[in-house]
Amino acid sequence: MGMADMAKKFGFQQAMKYLEKDPEQNIPKLLELVDKFMPDDVFVEQRAAFHHAIDEKNNWYQLIMKFYQLDPHVRETLFRTFMLNGNLIGWPIQEAKREEHGCNIPWAILVDPTSACNLHCTGCWAAEYGHKLNLTYEDIDSIIRQGKELGCYIYIYTGGEPLVRKADLIQLCEVHNDCAFLCFTNSTLIDEAFCQDMLRVGNFIPAISLEGFEEANDSRRGEGVYQKVMHAMALLKGHGLPFGLSVCYTSRNYADVTSEKFFDQVIDMGALFAWFFHYMPTGKDAVPELMPKPDQRVSVYRQIQAFRKTKPLFTMDFQNDAKYVGGCIAGGRRYLHINAAGDVDPCVFIHYSNVNIHDVTLLEALKSPIFMAYHRGQPFNDNMFKPCPMLENPDILPKLVAETGAHSTDPEAPEAAEELCGRTAPYATAWSPVADKLWAEQKEK
């Protein structure tokens, strides 16, 4: 760690100690110090947003204060791993590595520890993989060590159901206590013992899959799953543990999951954040009819935007928030995906690759043909409501795959990119004029 990073770490630790004494009184004072010593042109919008939240005591202020209801050790660990290492220290390293190597360097790495899952949800590609594929503990440890060399301190587990590998995941938290680990999970394996493990390590955060209210959720995930999710959230909240939601919105559930009733319920249960994912028709069991209609997607966008002004819940709308990150973030631009067989995919929804992590280093994977094609091609559309080379630009992905010689990494039912994008082409045609109107409206603002 260089002198600059050591200074950041020391300053951060002192700031956190100061806040812990009396967060309500000291947050405004700390922000005044930041304004005094930080150049006027750095983080201007973010600092203004913090000032506004504190002055108005609005929903964002309420969300900040919810962090002070968490277990103190977990809170300190979360701030240190996610805010300090993952951003203040990690981001400049990533930028330098991008310049040095001329390729994308990710902010976060998604890893499938296993293809095994105790559920079989409608339209989930992972449900097709069976219980045969696993990355070893050593595989995942190596990925994390290589990632840290590139400045990446954020790791996200997908699957399969990652908590099938509970023991290994907790051990990795202990060994890499400088990293933050998020886990997309159905939560049915979260119990008292696992909550105690989370309290001990402090750097493991579940993002619980929830598809709406009980009927809608269980119609996709299975009878009784909703009540198990409610039990898991109650356990986590009772132990002062941070968690959020992972919500896949479809043509069937979009109204429920963006309703005020749903938001209020999950906030009351203790959720701090929610990822909203547009349904993707990936895999042999894909159901194209589940893709939201244009007016339904617009409804999701407008509801989430409205609730950001009133609800103490940090929301990420994976498809409609591209304007905040400059388009598609896959291909290592901000993240990549490594499946349980070791295939390094540009996106968790797009399963085509040239390389396997068992054969190449992480950096070599980022320099592989499909990843460099992403690097050269991003953004794939100047309209930030059409960021994806599969969903909104279905002519692009087949070209990328053909030009780079990438192959399907779906272990059960490999499919040509043309076949996958054939399912999204009608959607893209219907969405395009609506997206153009939304983008024109956004640019006017």
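As a reminder, the structure under discussion sits directly above these lines.
In short, a report on the structure.

Rules used throughout
Residues numbered from 1 in each chain as written. Predicted model: local features only at pLDDT ≥ 70, side-chain atom pairs only at ≥ 80, totals over all residues. Heavy atoms only, no water. Axes fitted to C-alpha atoms, helices over the stretch in contact; angles between N-to-C directions. Helix = DSSP H or I, 4+ residues; strand = E, 2+ residues; numbered from the N terminus. Parallel < 35°, antiparallel > 145°, perpendicular 65-115°, else oblique. Contact = heavy atoms within 4.5 Å. Nonpolar A, V, L, I, M, F, W, Y, C, P; charged D, E, K, R; others polar. Salt bridge = Lys/Arg side-chain N within 4 Å of Asp/Glu carboxyl O. Buried < 20%, exposed > 50% of the residue type's maximum accessible area, 1.4 Å probe, protein only. Core = buried A, V, L, I, M, F, W, Y, C linked by side-chain atoms within 4.5 Å. 1 Å grid on protein atoms, 1.4 Å probe; cavity = no way out; pocket = protein on both sides within 12 Å on 5 of 7 lines; lining within 4 Å. Points joined across faces, edges and corners; volume = space filled by probe spheres on them. Pairing = 2+ DSSP bridges. Bend = angle between axes of the 7 residues up to and from the residue. Polar contact = N/O pair within 3.5 Å; in protein donor to acceptor, adjacent residues only side chain to side chain. Phe/Tyr/Trp six-rings, centres within 6.5 Å; stacked < 30°, edge-to-face > 60°.

**Regarding the packing of helix α5 (residues 72-101) against helix α8 (residues 192-201)**
Thought 1: Contact pair α5 / α8: the axes reach a minimum separation of 7 Å and the direction vectors enclose 55 degrees. Considered as vectors, α5 and α8 are oriented oblique to each other. Seen from α5, the contacting residues are H73, V74 and T77; seen from α8, they are M198, L199, R200 and V201.
Thought 2: Each residue belonging to the contact of α5 with α8 can be placed in one class, and the counts come to four nonpolar, two polar and one charged.

**Topic: the pattern of salt bridges**
Thought 1: All chains considered together, the criterion is met by 17 salt bridges.
Thought 2: Between E260 and K311 there is a salt bridge, with the nearest N and O atoms lying 2.8 Å from each other. With E260 in helix α12 (residues 260-269) and K311 in the loop between α13 (294-307) and β7 (314-317), this residue pair connects regions lying 51 residues apart in the sequence.
Thought 3: Of the residues examined, K311 reaches a relative accessible area of 10% and is grouped as buried.
Thought 4: A salt bridge links E392 to R297; its shortest N-O distance comes to 3.0 Å. Pair noted here: E392 is in the loop between α15 (369-377) and α16 (396-404) and R297 is in helix α13, with a separation of 95 residues, a long-range link.
Thought 5: Through salt bridges with shared partners, one network takes in E174, D197 and R200.

**Quick look at the nonpolar core**
Thought 1: Counting residues in hydrophobic clusters, the biggest one holds 128 residues, and the most contacted among them are Y157, F204, L245 and L397.
Thought 2: Residues in contact with L397, not counting those within four places in the same chain, are I350, Y352, Y374, P389, M390, A417, L420 and C421.
Thought 3: In terms of nonpolar packing, the next biggest core, distinct from the first, is built from 16 residues, A15, M16, L31 and Y68 among them.

**Comments concerning empty space enclosed by the protein**
Thought 1: Under the defined criterion, the tally for this structure stands at one cavity of 30 Å³ or more.
Thought 2: Taken as a whole, the largest cavity spans an internal volume of roughly 50 Å³.
Thought 3: Together, T282, G283, H351, Y352, S408, D410, E415 and L420 line the largest cavity.
Thought 4: Tallied by class, residues from the lining of the largest cavity come to two nonpolar, four polar and two charged.

**Regarding the pairing of strand β2 (residues 154-157)**
Thought 1: Residues I154 and I156 line one face of β2 and the alternating positions Y155 and Y157 line the opposite face, and both faces are buried.
Thought 2: Pairing geometry for strand β1 (residues 108-111) and β2, over four bridges, is parallel. Residue pairing in the sheet places V111 in a bridge with Y157 of β2.
Thought 3: Pairing of β2 with strand β3 (residues 180-185) involves four bridges; the strand directions are parallel. Bridge pairing in β3 places I154 opposite A180.

**With respect to the environment of E32**
Thought 1: Looking at the secondary structure, you find E32 in helix α2 (residues 23-37).
Thought 2: Sequence spacing of E32 and F79 is 47 residues, and the spatial spacing of their C-alpha atoms is 20 Å.

**Structural notes on α5**
Thought 1: Most pronounced at G90, the bend in α5 amounts to some 50 degrees, and the proline P92 follows within four residues.
Thought 2: Its side-chain oxygen 3.1 Å from the backbone nitrogen of H73, D71 forms the N-cap of α5.
Thought 3: Where α5 ends, the next residue or the one after it, G102, has phi of about 65 degrees, a positive value.

**With respect to the packing of aromatic side chains**
Geometry of an aromatic ring pair is reported as the spacing of the ring centres plus the angle between the planes.
Thought 1: Applying the stated criterion across every chain, the model contains 20 aromatic pairs.
Thought 2: On the numbers, 6.1 Å between centres and 75 degrees between planes, the contact of F385 with W439 is edge-to-face. With F385 in the loop between α15 and α16 and W439 in helix α17 (residues 417-444), the pair connects residues that are 54 residues apart, well separated along the chain. Residue F385 shares its accessibility class with W439, and that shared class is buried.
Thought 3: Linked through ring pairs, F184, W275, F277, F318, Y335 and F349 together constitute an aromatic cluster.

**Observations concerning the environment of P242**
Thought 1: Along the chain, P242 turns up in the loop between α10 (225-238) and β5 (244-249).
Thought 2: Expressed as a C-alpha distance, the spacing of P242 and Y324, which sit 82 residues apart in the sequence, is 24 Å.
Thought 3: If sequence neighbours within four positions are ignored, P242 has contacts with L70, V74, L78, M198, I205, P206 and L272.

**As for the pairing of β5**
Thought 1: Counting buried positions along β5 yields six of six residues, so the element is predominantly enclosed.
Thought 2: Neither face of β5 is left uncovered, since the one carrying G244, S246 and C248 and the one carrying L245, V247 and Y249 both have all their residues buried.
Thought 3: With three bridges connecting them, strand β4 (residues 204-209) and β5 associate as parallel partners. Residue pairing for β5: S209 is matched across the bridge by S246.

**Side note on the environment of Q46**
Thought 1: For Q46, the position within the fold is in helix α3 (residues 44-56).
Thought 2: With relative accessibility at 43%, the residue Q46 sits in the partly exposed group.
Thought 3: For the pair Q46 and Q319, spaced 273 residues apart in the sequence, the C-alpha separation amounts to 22 Å.

**A short note on the sheet that holds β1**
Thought 1: In space, the nine strands of this open sheet follow the order β7-β6-β5-β4-β3-β2-β1-β8-β9, with mixed pairing throughout. Bordering the open sheet on either side are β7 and β9 (344-345), each of which pairs with just one other strand.
Thought 2: Of the pairings in the sheet, the one linking strand β6 (residues 273-278) to β7 comprises four bridges and is parallel in character. Paired with F276 across the bridge in β7 is D317.

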